[in-house]
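# What the coordinates show
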Amino acid sequence: MAEAWDDLVLVGRIARTHGHRGAVIVHPDTDFPEERFVAGARLWLLRAGKPVEVTIVDAWFHNGRPIVTIEGVDSMNDAELLRGAEVRVPEATLQPLPEGAFYHFQLTGCEVSTLSGDIVGTVRAVEGEAGNHRLSIAAESGEVLVPLVTAICVSIDVVARRIVIDPPAGLLDVNRRAIQPADR
């Protein structure tokens, strides 16, 4: 069954080749790389503008990054063609998360408002490392960064696409920066 590319979830990006037998190094964009990048796993790549399902033949980790060989990619030249490619999977294959935990893609596009109902803007990205995530919110006056912590993000409803925040006084003004044209 062919999948629509925009309906698939990003789980990594191919960084570069590894060796001369077609292996590639992946920059994972998942909290579960050891489970996602294993022999037999099925992933999706965009080839010639079309989503193509591929199978991992072999996988191992070096310095925290997966190195994988993909069925049909047998040489360094074949692997070089994959440099920079996004690696995606169907949403249905994602691991269920505990209550109150969310995937980044679920937060992107959510409308953010304050407890008093003032609209702050729309989440354009989730930035930062684990334990230090922040919402990058596109607001009319520019970008606003809001820490993704329960003390501030008091309600997250990914089904309704809505996040309610209770920011400390001055947080929205202090964490505001102009959005560069390339960021829009």
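The coordinates are above.
Attention in this report is confined to the structure presented alongside it. The model shown is predicted, which means the values in this text are computed figures rather than measured ones.

To continue, consider the overall build of the protein chain. Secondary structure summary: the protein chain contains four helices and 13 strands in total. Across its three principal axes, the protein chain shows a C-alpha extent of roughly 60 × 35 × 35 Å. By residue count, 36% of the 184 residues in the protein chain fall in the buried class. Partitioning the intrachain contacts of the protein chain with sequence separation of at least 6 by distance along the chain shows that 50% fall at a separation of at least 24. Entry remark: accessible area of the protein chain is about 10,700 Å², with carbon and sulfur atoms responsible for 50%.

The subject of this paragraph is the environment of I156. In this structure, I156 sits in strand β11 (residues 153–157). Overall, the relative accessible area of 23% leaves I156 in the partly exposed class. Once the C-alpha coordinates of I156 and D31 are considered, the two residues, 125 residues apart in sequence, prove to be 20 Å apart.

Turning to the nonpolar core, a few remarks are in order. With 21 residues, the main nonpolar core has I14, F37 and I70 as its most contacted residues. Of all elements in the fold, only β1 (8–18), β2 (23–28), β3 (42–47), β4 (50–62), β5 (65–70) and β6 (86–90) reach the threshold of two or more residues within this core. Residue contributions to this core peak at three residues, all from β1. Setting aside anything within four residues of it in sequence, one finds F37 in contact with V11, V26, P28, T30, L43, I56, A59, F61, P66, V68 and V87. Counting residues in hydrophobic clusters, the runner-up holds 17 residues, among them V126, L135, L171 and L172.

In this section: the pairing of β2. Both β1 and β2 contribute to a ladder of six bridges, which runs antiparallel. The residue bridging H18 from the neighbouring strand is A23, located in β2. Hairpin connection between β1 and β2: a loop of four residues separates the two successive antiparallel strands, and G19 in this loop has a positive phi of roughly 75 degrees. With two bridges connecting them, β2 and β5 associate as antiparallel partners. The partner of I25 across the bridge, within β5, is I67.

Turning to the pattern of salt bridges, a few remarks are in order. Using the criterion set out here, one finds seven salt bridges in the structure. The closest approach of N and O atoms between E86 and R13, which form a salt bridge, is 3.8 Å. With E86 in strand β6 and R13 in strand β1, this residue pair connects regions lying 73 residues apart in the sequence. Its salt-bridge partner being R42, residue E53 comes within 3.1 Å of it at the nearest N-O pair. With a gap of 11 residues between them, E53 in strand β4 and R42 in strand β3 connect regions that are remote in the sequence. Residue classification places E53 among the partly exposed positions, given a relative accessible area of 35%. Classification of R42 by relative accessible area gives partly exposed; the value is 47%. The structure contains a network of salt bridges with shared partners spanning R13, E86 and R88.

Here T114 shows up in strand β7 (residues 111–114). For T114, a relative accessible area of 11% corresponds to the buried category. Contacts of T114, omitting those with residues within four sequence positions, involve V120, V164, I165, P167 and L172.

This part covers unusual backbone geometry. Positioned with a positive phi, A48 is a non-glycine residue whose angle comes to about 55 degrees. Note on placement: A48 falls in the loop between β3 and β4. Judged by its relative accessible area of 82%, A48 falls in the exposed class. For R161, which is not glycine, the phi torsion reads 60 degrees and is therefore positive. Tracing the sequence through the fold places R161 in the loop between β11 and β12 (162–165).

Parameters at a glance
All residue numbers here refer to positions counted from 1 along the written sequence of the relevant chain. Residues qualify for local features only when their pLDDT is at least 70, as the model is predicted, and side-chain atom pairs are given and counted only at 80 or more; totals for whole chains, interfaces and linings, by contrast, use all residues. Think of the side-chain values as coming from all heavy atoms in the structure, minus any hydrogens and water. A run of H or I in DSSP becomes a helix once it reaches four residues, and a run of E becomes a strand once it reaches two; helices and strands are each numbered from the N terminus. Summary of the burial criterion: residues with accessible area below 20% of their type's maximum are buried, those above 50% are exposed, and those between are partly exposed, where the area comes from a 1.4 Å probe applied to protein chains only. Contacts are residue-level and defined by heavy atoms, with any inter-residue pair within 4.5 Å sufficient. Using a 1.4 Å probe, accessible areas were evaluated by the Shrake-Rupley method; residue-level cover was limited to the displayed protein chains. Joining through side-chain atoms within 4.5 Å is the link that ties buried Ala, Val, Leu, Ile, Met, Phe, Trp, Tyr and Cys residues into a set, and such a set is a nonpolar core. Two strands qualify as a pair provided DSSP detects at least 2 bridges between them. Salt bridges, as used here, are contacts in which a Lys or Arg side-chain nitrogen is within 4 Å of a carboxyl oxygen on Asp or Glu.

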